[in-house]
Amino acid sequence: MDKTNKKDKEFVDKTEKQTSVENETQKENSGKGEHEATKDELAEAKKEIAELKDKYLRKVAEFENYKKRTLKEKAELLLNGSEKTVTTILPVLDDFERAISDKTEDPKVLRDGMNIIFNKFVKALESIGVKKIETEGKDFNVDYHEAVAMVPGMGDEKKGKVIDCVQSGYKLNDKVIRHAKVAVGQ
């Protein structure tokens, strides 16, 4: 029995060794599979990182180009922004040149010519958005008027009203660019 037990024991030990070797081989093989899978995932992640980095660099470059372009456009607008205004007013300047070069001495003709040029100039200003602030008979409004004088003794109906306009005021597209200087009833 001792021999049998010894043989059984050797057989069990041998079987256990084989099983442990097989298990280790399986683990190594499965480890290789896991290792390769990890390598694939790592390669895929690196590829995705490279793509994202490329996209990021392109976006940064695109944004830098956008900033440069807008700065250039802004500078150009500051330099040439008044071009529309100047081209609108040049015909009025031409009319003044013609009026000055005319040798007529007739005051009526000169006055009529000046009125025509004045009206043309007002229309040119209106075409670019400049409008005169109306003052006659209006209530005094600090948003549009600047009081330069207070006129006492005008009665209750003229109190707080514009009595006289000393200097006209103007708006450019609903923004006051010069307040009207007015005398106000007290």
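Below, the structure is looked at part by part. In this text the structure is predicted, and so the values were computed from the model without any measurement.

About the criteria used
Residues numbered from 1 in each chain as written. Predicted model: local features only at pLDDT ≥ 70, side-chain atom pairs only at ≥ 80, totals over all residues. Heavy atoms only, no water. Helix = DSSP H or I, 4+ residues; strand = E, 2+ residues; numbered from the N terminus. Polar contact = N/O pair within 3.5 Å; in protein donor to acceptor, adjacent residues only side chain to side chain. Contact = heavy atoms within 4.5 Å. Pairing = 2+ DSSP bridges. Axes fitted to C-alpha atoms, helices over the stretch in contact; angles between N-to-C directions. Parallel < 35°, antiparallel > 145°, perpendicular 65-115°, else oblique. Nonpolar A, V, L, I, M, F, W, Y, C, P; charged D, E, K, R; others polar. 1 Å grid on protein atoms, 1.4 Å probe; cavity = no way out; pocket = protein on both sides within 12 Å on 5 of 7 lines; lining within 4 Å. Points joined across faces, edges and corners; volume = space filled by probe spheres on them. Expected span 1.5 Å × (residues − 1). Buried < 20%, exposed > 50% of the residue type's maximum accessible area, 1.4 Å probe, protein only. Patch = residues over 30% accessible without salt bridge, like charges linked within 9 Å, V, L, I, M, F, W, Y side chains within 5 Å. Areas by Shrake-Rupley, 256 points an atom, 1.4 Å probe, with all protein chains shown as cover. Salt bridge = Lys/Arg side-chain N within 4 Å of Asp/Glu carboxyl O. Lys, Arg positive; Asp, Glu negative; His and termini not counted. Charge placed at Lys NZ, Arg CZ, Asp CG, Glu CD.

## A closer look at the side chain of D95
With respect to the helices and strands, the residue D95 is situated in helix 2 (residues 83–101). A polar side-chain atom of D95 sits 2.3 Å from a polar atom in the side chain of R98. When neighbours within four sequence positions are excluded, D95 is seen to be in contact with I117 and K120.

## Here we look at the sheet that holds strand 6 (residues 180–185)
Reading across the sheet, the three strands line up as 2-6-3 and stay open at both edges, with mixed pairing between neighbours. If you trace the sheet from one side to the other, it starts and ends with strand 2 (145–151) and strand 3 (162–167), each paired once. Going from strand to strand, the sheet's axes swing by 30° on average, the running direction of each strand aside.

## With respect to unusual backbone geometry
Outside of glycine, negative phi angles account for most residues, and trans bonds account for most peptide bonds. A positive phi is found at N173, a non-glycine position, where the angle reads about 50°. Even without a glycine there, the phi angle at D174 is positive, about 70°. Mapped onto the elements of the fold, D174 is located in the loop between strand 4 (170–172) and strand 5 (175–178).

## Observations regarding the packing of helix 2 against helix 3 (residues 107–127)
Contact geometry for helix 2 and helix 3: axes closest at 9 Å, N-to-C directions at 170°. The orientation of helix 2 relative to helix 3 falls into the category roughly antiparallel. Where helix 2 abuts helix 3, its residues T88, I89, P91, V92, D95, F96 and A99 lie against M114, I117, K120, F121, A124, L125 and S127. Here the contact of helix 2 with helix 3 is built from residues that sort into ten nonpolar, two polar and two charged.

## A closer look at the sheet that holds strand 4
By way of backbone hydrogen bonds, the strands of a sheet pair with one another, either parallel or antiparallel. Reading across from one edge, 1-4-5 is the order of the three strands in this open sheet, with antiparallel pairing throughout. A single partner strand is all that each edge strand has here, and the edge strands are strand 1 (130–132) and strand 5. Taking each pair of neighbouring strands and ignoring which way they run, the sheet shows an average axis angle of 35°. Here strand 4 runs beside strand 5; their pairing, made up of three bridges, is antiparallel. Across the sheet, the residue bridging to L172 is K175, located in strand 5.

## Topic: the layout of surface pockets
Within this model, the largest pocket holds a volume of roughly 160 Å³. The wall of the largest pocket is formed by F118, F121, V122, L125, E126, V130, K131, K132 and Y170. For the lining of the largest pocket, the element with the highest residue contribution is helix 3, accounting for five residues. A breakdown of the residues in the lining of the largest pocket according to their chemical character gives six nonpolar, no polar and three charged.

## Overview of helix 2
Along an α-helix, residues three or four positions apart point the same way, because every turn accommodates 3.6 residues. Taking 1.5 Å of rise per residue, the 19 residues of helix 2 would be expected to cover 27 Å, and the 27 Å separating its terminal C-alpha atoms lies within 8% of that figure. For helix 2, the set of buried residues is T88, V92 and D95. Of the surrounding secondary structure, the elements contacted by the buried residues of helix 2 are helix 3.

## What to know about a negative patch on the surface
Together, E36, D40, E41, E44, E48 and E51 line one region of the surface with negative charge. Of note, D40 is situated in helix 1 (residues 2–80).

Limitation: the analysis is restricted to geometry and does not speak to function.
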